[in-house]
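Breakdown of the fold
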Amino acid sequence: MSKCRICQVEYVPFLSFGKMPLANGFLASDQFRNEYFFELVVAFCPSCCMVQLSEQPSRERMFTPHYAYFSSTSTSMATHFEKFSHQVIADYLPPHDPFVVEIGCNDGILLEQFAQVGIRHLGIEPSANVAQVAVNKGLRALQRYFDEDLAREIVAEYGQADAVLGANVLCHIPYLHSVVAGIKMLLKPGGVLVFEDPYLGDILDKTAYDQIYDEHAFYFSVTSVRYLFQRHGLEVVDVMPQNVHGGSMRYVVTHEGARKGSAAVMAHCEREKALGLEQPETFEGFRRRTERSREELMALLFKLKRLGKRVVGYGATSKSTTVINYCGITRDLVEFISDTTPIKQGKFSPGAHIPVRPYTEFTANYPDHALLFAWNHAREIIPKERGFQAAGGKWIVYVPKVQILI
Ligand code: SAH
Ligand code: TYD
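Residue numbering note: each chain is counted from 1, following its sequence as written. All chains are assigned letters beginning with A, and all ligands numbers beginning with 1, in the order in which they are written. Local features in this predicted model are restricted to residues whose pLDDT is 70 or higher, and side-chain atom pairs enter the listing and the counts only when it is 80 or higher, whereas totals over whole chains, interfaces and linings include all residues. Heavy atoms throughout the structure, all of them, feed into the side-chain values; hydrogens and water do not.

Here we come to helix α5 (residues 148-158). Only protein chains enter the calculation, and the probe is 1.4 Å; a residue is then buried if its accessible area is under 20% of its type maximum, exposed if over 50%, and partly exposed in between. Helix and strand assignments come from DSSP, with helices taken as H or I runs of at least 4 residues and strands as E runs of at least 2, each series counted from the N terminus. For α5, the complete set of buried residues consists of Leu 150, Ala 151 and Ile 154. End-on, the buried residues of α5 take up no more than an arc of 105°, which puts them together on one face. The contact criterion used throughout is that any non-hydrogen atoms of two residues lie within 4.5 Å. Contacts made by the buried residues of α5 are with β5 (120-124), β6 (141-142) and α6 (176-186). The residue sitting at the N-terminus of α5 and contributing the capping side-chain oxygen is Asp 147; that oxygen lies 3.2 Å from the backbone nitrogen of Asp 149. Note: the arc covers the axis-to-C-beta directions of the helix. N or O atoms within 3.5 Å of each other form a polar contact, as long as, within protein, one can give a hydrogen and the other can take it, and as long as residues adjacent in sequence are counted only when both atoms are side-chain atoms.

Pairs were defined over the aromatic rings of Phe, Tyr and Trp, the Trp ring being its six-membered one, requiring ring centres within 6.5 Å. Orientation was assigned from the angle between planes: stacked under 30 degrees, edge-to-face over 60, tilted for the rest. Going through the model one piece at a time under the given rule, you end up with 23 aromatic pairs. Seen in terms of ring centroids, Phe 14 and Phe 286 are 6.4 Å apart; in terms of plane orientation they differ by 70°. Their pairing is edge-to-face. Here Phe 286 lies in helix α10 (residues 280-306) and Phe 14 lies in strand β1 (residues 12-21), a separation of 272 residues in the sequence. Like Phe 14, the residue Phe 286 is buried in the burial classification. By the ring-pair criterion, three or more aromatic residues cluster together here, those being Tyr 314, Tyr 359, Phe 362, Tyr 366, Phe 388 and Trp 395. Directly above the aromatic system of Phe 84 lies the positively charged group of Arg 250, at a separation of 4.0 Å from the ring centroid. Criterion for a charge above a ring: Arg CZ or Lys NZ at most 6 Å from the ring centre, at most 35 degrees from the ring normal.

Relative to the helices and strands, Ile 119 is located in the loop between α3 (111-116) and β5. Between the alpha carbons of Ile 119 and His 96 there is a distance of 9.8 Å; along the sequence they are 23 residues apart.

So this is what it looks like as structure tokens:
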């Protein structure tokens, strides 16, 4: 595939990470021999400006009944989603019997906010284990992939929705035209789609190359998202930057002409033009900064090794799979990765096979340095780890630049 998934124009690959495993493919040692790898290459479309992967593993490989990402592992994300629900209820839902559909509801972190105030809701979540957590919370959730066919079934059974929501999910779905056609069918004439995903502007600005991994098929800008929805007779009427996942953008989309658009949409498009998000050279610069970041991180880890320091990873994130395998970080350099997610503990990291251990092992014997793979949660993590710093521990971060925090 060398054509843009959105507009079919030939795209320009700008960064190849080589063979990569599944970002959430945490595995047991008896699975090492059969581990799956694919070519991780990211490309820019010079026509519609969509940044995208050239190859993506099948959805059945990524979204399995043992899916390792549980949304509710971060308290700051729970607060974020609570505020998200308040905004949707206040600004977009009609007072009488509204109906909300969430695409990719995972363990119900957002949907439960609507259920708690008695709002009619439906979650769509293909990964069986996390969908089950949502169901166990009393939420209505279907263990299915959202697309045009499912949208038709939902309309037939439940009727159209006042709001369709999605957080960190649309960018995961390569068959985006089918998803958008489904959303259009599902939305009432006055309904809104509210979704958010990591923002390309922040990825470039922070050299957050670790956002690039198998599940992220697309890296959205306001420009590329506007084009996509326009093709389906839908309109981006508002955009709101979000301070989560290292910098995200929330988009509000309606049927064309259904609501007055905010000036923020065009303002962001203008800003993106000024930042060069429409030019291939911008992405060449990103590639060079990524390569430099890799060199600096490896130089630091080798130096700490020579000095006999213990380094432990903090947060077995999906993003860490890209960093570890692209940079060539091994168990010699990072002893283990601490993570609070039970399904990841006792397993090994994808590709490099660094052990993932329970958080209690981090606190029981603090290392000299903690490599903050969950850097996007720094505001939550660093204050709560005062004990680590009091014991002389130091944080290493690599976004926006490689440094030891002091
Ligand atoms: N919304 C949550 C989860 C994001 S992870 C949050 O922001 O924390 C992405 C989720 O999308 C996963 O749970 C995955 O199983 C789900 N997903 C992937 N493809 C999907 C599709 N076609 N339809 C609905 N959900 C999908
Ligand atoms: P996250 O950065 O949200 O996502 P991604 O997988 O998309 O890169 O993942 C956070 C990971 O870090 C998750 O596995 C839980 C773990 N974690 C901790 O171990 N401790 C913490 O205090 C927090 C906030 C997260």
